[in-house]
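Structure at a glance
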Amino acid sequence: MTYILGLNLSHDRSAALVKDGKVVVAIEEERLDRIKHSEGFLVQGYFERLTKVLPMRAVAYCLDTAGIGIDDLDLVVGNRPLGDGAVWRILRELPIKDKSKVHAIPFPSHHLAHAATTYYTSPFEDAAVLIVDQAGSRGPDQMIEKHTAFVGEGTTLRSVAATNYPADYSDLSLGCFYDFFTTKLNFITRYGTPDFGLFECGGYPEAGKTMGLAPYGRPRPEWGDWLTLDGFDIKVSQSGLEKIWKEIFTAESDGYESKAPDSWQHQFAKDVAFKVQDELEKAMLHLARTTHELTGKRNLCLAGGITLNSVANQRIRAEGPFEKVFIPAPAGDSGNAIGTALYGWHEILGGKERSPLRTAALGRRYARERVEQALQPYESKLDWRETTTDEVAGLLAEHYFVGWYQGASEMGPRALGHRSMLADPRHPRTRDYLNTTIKHREVFRPYAPSVLAENVSDWFDFTGESPFMLLVPAVREAKRAQVPAITHVDGTARVQTVHEELDPEYHALISAFRARTGVPMLLNTSYNDNGEPIVETPEDALRTFFRTDLDFLYLEGLLVSKPGRTSLPEGHPRETPLA
């Protein structure tokens, strides 16, 4: 047996363990330390010096889950964008006896790590690979990876085209372009000092909010083109973007103040989001078509932070030249723990076996004993008993909101039926109540459906698989009125297809809901409150359940309820049940 530990040392630090070419466990550090994005900085000298530490909780989690010790590892491979330095960072902290086991992906490494993540976990033996990111590896010349095309054949990857941008931002990546306007709209997770982060925004740009707001905007052709498409390059500069922002803000902002409460409601913000999303989609389609011309391949693998933009992914799949498109569940930097480990297996050790990933459930399933221990502190505050998926389906059909916790946790930013909050997609109040009362977030943000794979084409303009919720097809027009809670303002939905052989328990729940309602889907969102990572342990699940307005919690076969609750919060869908 050969064990390889992969480490992502970027934001969203993570670890993954590969055994004989198969990913057996993977997790993000944020799930364990409960710090969103989990950069891992130790602050020295009043934030003047930052020391980044390894994701040691994730490392211990992987080793414990596999039942091995650190010296049982055959290889450790790490990656970090920009300056990298993975090997010395690992050697500084990891208490492994044989230091020769520690490796890094060769420079330029970051996009290669992304490429390994998506290609080696794909079902393809032959594919083009397109990596589109905010920031990749930075060379001695201060040039940073922008986007890169690879060819994957068998167990090898080779770069066929690459572009870079300078550290002075006289040119920018697509990720920087999108994040520039996201920060202008004040969609930011606050972290560090007020000038920390990209464009000194004081945290992390929340690009998903810009994508969600975009359909509320209007086309603004008079604003012209903001990106220059030039072969395999997309050109834009920070100074150019600052000029654009100043011009449109001066001419059209009409009192818009990004830091004001609910500033997203201003039409100017909506129009900016629409424009930025439209520019990104056109650029991504251009890059996909150029990659096809460069490689001649029928299949495409995508990765990099930009490929979490599921609307752009859908356009590539629907309008691009490739027959099939694959995007891994952890398409952003957290997935690079998987990519580095698989690179070690195939390229360093010469392993030939490949094991495509069809599920993101790469975490640990907690035993009933652990669940019962977690419940004990709530003995006088909560009730619990054995339940069935059919009973839970009945509660959902009655418009209750249920925390759903079962099986191994998912790797990546999406909850896919293992650490989820579930609701009835049929009720028109579901989305707004969930946003405002339970998750405490902007009311415009859409929710996704988990739909039985065998019924997806009946309800959506879609055929094939979308197991990782990274594609956004249209809801069939005749069906939209039946599922308003998952239908976005533009008539689309970010679909997850659920297969019985891959997730029998979740499939059984949705099937039971279909039997009661005729609707083969549930509204599914991540099990977390605003600003916190998705829950990992039973203790996390109970803590979030107890402090939010979730109605019930399904916890590994137990139904947990709140006995002291005498009335439902205002606006609950139960106040106006469907006929």
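Since the model is a prediction, treat every value here as computed from it, not as a measurement.

1. Comments concerning the overall build of the protein chain
Looking only at helices and strands, the protein chain features 16 helices and 24 strands. The C-alpha atoms of the protein chain give a radius of gyration of 23 Å, which matches the 25 Å a tight globule of 579 residues would have. Along the longest, intermediate and shortest principal axes, the C-alpha atoms of the protein chain span 65 × 65 × 50 Å. Counting the 579 residues in the protein chain, one finds 61% classified as buried. Within the protein chain, residue pairs in contact and separated by at least 24 positions form 71% of the contacts whose partners lie at least 6 positions apart. Surface exposure of the protein chain reaches about 21,900 Å², of which carbon and sulfur atoms provide 48%. When the 64 basic and 79 acidic side-chain charges of the protein chain are each reduced to a single mean position, those positions are 0 Å apart.

2. Re empty space enclosed by the protein
Taken as a whole and judged by the stated rule, the model has 1 cavity of 30 Å³ or more. A volume near 50 Å³ is recorded for the largest cavity. Lining of the largest cavity is provided by T121, F326, P328, A329, P330, I338, L357, T359, A360, L362, M411 and F468.

3. Considering the nonpolar core
If you look at the biggest cluster of nonpolar residues, it comprises 175 residues, and the most contacted ones within it are L174, F181 and F460. When residues of this core are assigned to their parent elements, the largest contribution, 10 residues, is made by helix α8 (residues 267-295).

4. Observations regarding unusual backbone geometry
In the segment running from F107 into P108, the intervening peptide bond is cis, with an omega of -5°. Residue position: P108 is located in the loop between β7 (102-104) and α4 (110-120). One non-glycine residue, H440, adopts positive backbone phi at about 55°. Within the fold, H440 resides in the loop between α13 (430-438) and β20 (448-452). The class for H440 is partly exposed, based on a relative accessible area of 38%.

5. Details of the pairing of strand β24 (residues 558-561)
Judged by which residues are buried, β24 turns out to be covered on both faces: L558 and V560 on one side and L559 and S561 on the other are all buried. Bridge count for strand β17 (residues 383-386) against β24 is 4 bridges, and the pairing is antiparallel. By the bridge assignment, R385 is partnered in β24 with L559. Between the antiparallel neighbours strand β23 (residues 552-555) and β24 lie 2 residues, among them E556 with a positive phi of about 50°.

6. Details of the layout of surface pockets
Here the second largest pocket is characterised by a volume of approximately 490 Å³. Looking at the lining of the second largest pocket, the element that brings in the most residues is strand β16 (residues 324-326), giving 3 residues.

Reading guide: rules and limits
Residues numbered from 1 in each chain as written. Predicted model: local features only at pLDDT ≥ 70, side-chain atom pairs only at ≥ 80, totals over all residues. Heavy atoms only, no water. Helix = DSSP H or I, 4+ residues; strand = E, 2+ residues; numbered from the N terminus. Rg over C-alpha atoms; globule rule 2.2 N^0.38 Å. Buried < 20%, exposed > 50% of the residue type's maximum accessible area, 1.4 Å probe, protein only. Contact = heavy atoms within 4.5 Å. Areas by Shrake-Rupley, 256 points an atom, 1.4 Å probe, with all protein chains shown as cover. Lys, Arg positive; Asp, Glu negative; His and termini not counted. Charge placed at Lys NZ, Arg CZ, Asp CG, Glu CD. 1 Å grid on protein atoms, 1.4 Å probe; cavity = no way out; pocket = protein on both sides within 12 Å on 5 of 7 lines; lining within 4 Å. Points joined across faces, edges and corners; volume = space filled by probe spheres on them. Core = buried A, V, L, I, M, F, W, Y, C linked by side-chain atoms within 4.5 Å. Pairing = 2+ DSSP bridges.

Structural measurements only, silent on function.
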